[in-house]
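Residue strings, one per chain:
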Amino acid sequence: MLCRTAAHALSSIATLLELHDAGKDRVRAMQHAARVVGNLGDRELAECLASPDGGEGRGDGPQDDGLTSLSGEARAVIQELAESNGSELLERLQEETPEGLLEMLRIPGLGPARIRAIHDGLDIDTVMDLEQAARDGRLAALPRFGDKTAERVLKGIADLRATGAAVLWSHARAEAARIAEVLRSHPDVLRIEIAGSIRRRLETVRDIDLVVAVRGSPSVVAQSLSQMRGVREVIGGSGRTLSLRLDDGAHVDLHCVRADQFALAWWRATGSAAHVKQVTDHAAARGFTLVGDEVRDATGALIPVADEAEWYARLGLTWVPPEQREATGEVEAAAQGALPALLGEQDLVGALHCHSQYSDGGATVEQMAAAAQARGLRYLGVSDHSQSNTYAGGLARDAILRQHDEIDALNARYAADGIDFRVLKGIEADILPCGRVDYDAAFLERFDFVIGSIHSRYGMNARQMTDRVLKALDDPHLTILGHPTGRLLLTREPYAIDLDAVIAKAGAVGVAVELNADPHRLDIDWQACRVAREHGTLVSIGPDAHSPQGFDNLELGVAVARKGWLTPENVLNTRSADDVLAFARARRTLSNHASVSAPASASTSPSAH
């Protein structure tokens, strides 16, 4: 690891320590360490540690002191970074921090101390909620905040957006819906729809695309819309297509058309550019020409297009759902009538990754079950953290036994009351650095299903991490591989891993891979969903719900699955509770049978366990 990279890790630790109110001395010591190591430039960290002077006087910039002057905690972190390419302290702090707070750290002028005060005082952990609190007066009402601080926060959010920084899909959609509602009040707006990357359900979004059907001249109405309250400036475009910068920093591409042009304009603005080109080329081969937002036949006659389905049909194509329009084979499949019947949210009958107050969730098992029932689900898989995950309230064995008793009583009550709903006993067990799944085999037998996830040692190289996960897949108790790349969108890159090899083996041994639907994760992504489909590997769409509101994540999980061409048959939790239990038991039964049938000398081999 280069010293500059290590300095970034140390700086991140300092920021997170401050966010967690870990004490000024620890924060300053880590900040000092980041400066010292950063001054060593592009040298290898291990070489600096091995040098007799501890790196003193060898950096590219001004020196504070050498490595020998650092605190014991900082030196331990640096040693670990050099040896393992990662830091257990950094990983623990990242896991302990709500993902939305990590996202807030990107806002200019909003430091960790302020973020902590906001979270503690208002229980806010998303940028979207922070912006709303700054607008409605709740932020200003906090002690030591006031109106000026709220204004600075809004300016910081606006500045972040103005840089073109990506935002999470869920935040972009909410902002687009808000803007569309404002523009809809204009008397000449007949219809307005969201297009672009938001409509295609990309994980992160940089700008908002809106298509507007108008009464009268599109150019005149576009100019009028650009002067509505909340628009700061026109930053590009002309005529009926304008790029606007709003007061809150959002970038909006506005495309105004006549009502009869709307269908084709909406299709074009949805994209992607590569998909539009492929369809345009396909149209040209059939004698159609696109001129702006109109289509003409070989004679030059204008062809009316009422909606997108009619447009595709005229070209001999089946309708391509917006999520699939990424030029990844969908045009060819549409020409052959071979597009799959994609998954819908109504196809999900259960949720298998949910947390309760037993670990780091915010609701009881019964409250989570009630929320799942309210969404029309027929079973809930409770999967709190395992014992090794101490910073997320991982469960000791006695706590699990208590939880299982509670679940048994709850299920008995449902049955007595004639309620068609079940709570399944699951666990999100850490996959330890050695590849072992947390808890011993006898204890894992107590669970209806086991999700295995990595929450530590992200710095392993690709071979080490891949071997770690492949070994975990050999455990017959493992039912689902949780968030397989460990990424946090906008805040943490995925760890190095041969995901294709992992997905292939999971399918071969009968383990599902998770599409974690938390908007900060979406892990696996839609491209990996395609890989899973090709290997015949089942995908489990897990909301990773830590509260009743967390079940809202299923909507986005389904959208990503659709983007990855998944059908109901490709998804584990479209199956009944009995089928899920059978899926989990299948490997255990085979393993137990193999153990009984094997010669005694083989019973201690790794494959037998």
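Residues numbered from 1 in each chain as written. Predicted model: local features only at pLDDT ≥ 70, side-chain atom pairs only at ≥ 80, totals over all residues. Heavy atoms only, no water.

> Is there a simple way to explain the overall build of the protein chain in this structure?
Looking only at helices and strands, one finds 24 helices and 17 strands in the protein chain. For a compact globule of 609 residues, the expected C-alpha radius of gyration is about 25 Å, and the protein chain comes in at 27 Å, within 12% of that figure. Going through the 609 residues of the protein chain one by one, you find that 53% of them count as buried. A sequence separation of at least 24 residues applies to 68% of the contacts in the protein chain between residues at least 6 apart. Separation between the mean location of the 64 positive side-chain charges and that of the 86 negative ones in the protein chain comes to 3 Å. (Helix = DSSP H or I, 4+ residues; strand = E, 2+ residues; numbered from the N terminus. Rg over C-alpha atoms; globule rule 2.2 N^0.38 Å. Buried < 20%, exposed > 50% of the residue type's maximum accessible area, 1.4 Å probe, protein only. Contact = heavy atoms within 4.5 Å. Lys, Arg positive; Asp, Glu negative; His and termini not counted. Charge placed at Lys NZ, Arg CZ, Asp CG, Glu CD.)

> What should I look at first to understand the sheet that holds strand β6 (residues 241–246) in this one?
The strands making up a sheet associate through hydrogen bonds between their backbones, and the pairing can be parallel or antiparallel. The strand order across the open sheet built from 5 strands is β2-β4-β7-β6-β5, with neighbouring strands paired in mixed fashion. One side of each edge strand has no neighbouring strand; the edge strands of this open sheet are β2 (189–194) and β5 (231–238). Strand-to-strand twist in this sheet, taken as the mean axis angle between neighbours without regard to direction, amounts to 25°. Pairing analysis gives 5 bridges linking β2 to strand β4 (residues 208–214), with the strands arranged antiparallel. Each residue of the ladder has a partner; that of I192, found in β4, is V212. Lying on the sheet, helix α13 (residues 262–270) is in contact with β2, β4 and β7 (251–258); it crosses β4 at an angle near 175°. (Pairing = 2+ DSSP bridges. Axes fitted to C-alpha atoms, helices over the stretch in contact; angles between N-to-C directions.)

> Teacher, can you tell me more about helix α1 (residues 3–19) here?
Along an α-helix, residues three or four positions apart point the same way, because every turn accommodates 3.6 residues. For α1, which comprises 17 residues, the first-to-last C-alpha distance of 24 Å matches the rise-based estimate of 24 Å (1.5 Å per residue) to within 8%. Taken together, the buried positions of α1 are C3, A6, A7, A9, L10, I13, A14, L16, L17 and L19. In this fold, the buried residues of α1 make contact with α2 (24–38), α3 (45–50), α4 (72–84), α5 (88–96), α6 (99–104) and α7 (112–122). Directly after α1, the chain includes D21, whose backbone phi takes a positive value near 55°. (Expected span 1.5 Å × (residues − 1).)

> Just to check I follow, could you spell out the pairing of strand β16 (residues 512–516) for this structure?
The two faces of the sheet receive side chains in turn, since in a regular strand these alternate between them. Counting buried residues in β16 gives 5 out of 5 residues, a clear majority hidden from the surface. Burial of the side chains of β16 extends over both faces: A512, E514 and N516 are buried on one face and V513 and L515 on the other. Two elements, strand β15 (residues 480–481) and β16, share 2 bridges in a ladder whose sense is parallel. Directly across from L481, in β16, lies its bridge partner V513. Read as a crossover between parallel neighbours, the route from β15 over helix α21 (residues 499–509) to β16 is right-handed. Relative to strand β17 (residues 539–542), β16 runs parallel, the two being bridged by 4 bridges. Looking at the pairing, E514 lines up with S540 of β17. The parallel pair β16 and β17 is bridged by helix α22 (residues 526–535), and the resulting crossover is right-handed. (Right-handed = clockwise from strand over helix to strand, strands pointing away.)

> Got a minute to help me understand the pattern of salt bridges in this structure?
Here the idea is simple: oppositely charged side chains can pair when their charged atoms come close. Tallied over the full model, the rule gives 40 salt bridges. Notably, a salt bridge pairs E345 with R375, separated by 2.9 Å at the nearest N-O pair. Here E345, found in the loop between α16 (330–335) and β11 (350–354), pairs with R375, found in the loop between α17 (365–374) and β12 (379–385); they are 30 residues apart in sequence, far enough to count as distant. Two residues, D408 and K425, come together in a salt bridge whose shortest N-O distance is 2.7 Å. Of this pair, D408 sits in helix α18 (residues 397–416) while K425 sits in strand β13 (residues 422–430); the two residues are 17 residues apart in sequence, bridging distant segments of the chain. Here the salt bridges do not stand alone but share partners, grouping E131, R135, R161, E175, R178 and D248 into one network. (Salt bridge = Lys/Arg side-chain N within 4 Å of Asp/Glu carboxyl O.)

> Would you take a moment to explain the layout of surface pockets for this structure?
Empty space left among the atoms is revealed by rolling a probe the size of a water molecule over them. What the largest pocket holds in volume is close to 1,300 Å³. As for the largest pocket, its lining consists of 45 residues, and the residues nearest its centre are E99, D125, D518, H520 and H546. Contributions of two or more residues to the lining of the largest pocket are made by α5, α6, α8 (127–136), α10 (169–184) and α23 (553–563). Ranked by residues supplied to the lining of the largest pocket, first place goes to α10 with 5 residues. Per-class residue counts for the lining of the largest pocket are 10 nonpolar, 20 polar and 15 charged. Lining the second largest pocket are 29 residues, and of these H8, L90, Q94, T491 and R492 sit closest to its centre. Only α1 and α5 provide two or more residues apiece to the lining of the second largest pocket. Of all the elements, α1 adds the most residues to the lining of the second largest pocket, at 7 residues. Taken together, the residues that form the lining of the second largest pocket break down as 13 nonpolar, 12 polar and 4 charged. (1 Å grid on protein atoms, 1.4 Å probe; cavity = no way out; pocket = protein on both sides within 12 Å on 5 of 7 lines; lining within 4 Å. Points joined across faces, edges and corners; volume = space filled by probe spheres on them. Nonpolar A, V, L, I, M, F, W, Y, C, P; charged D, E, K, R; others polar.)

> How should I be thinking about the packing of α1 against α4 in this particular structure?
Packed helices, taken two at a time, are described by the angle between their axes plus the distance between the axes. It is at 11 Å that the axes of α1 and α4 come closest, and there the two elements cross at 135°. The pairing of α1 with α4 is recorded here as oblique in orientation. Our pair here, α1 against α4, has a crossing hand that is right-handed. Counting all contacts with α1, which are made through A6, A9, L10 and I13, the residues of α4 involved are V77, I78 and L81. (Parallel < 35°, antiparallel > 145°, perpendicular 65-115°, else oblique. Left-handed = near helix turned anticlockwise from the far one by under 90°.)

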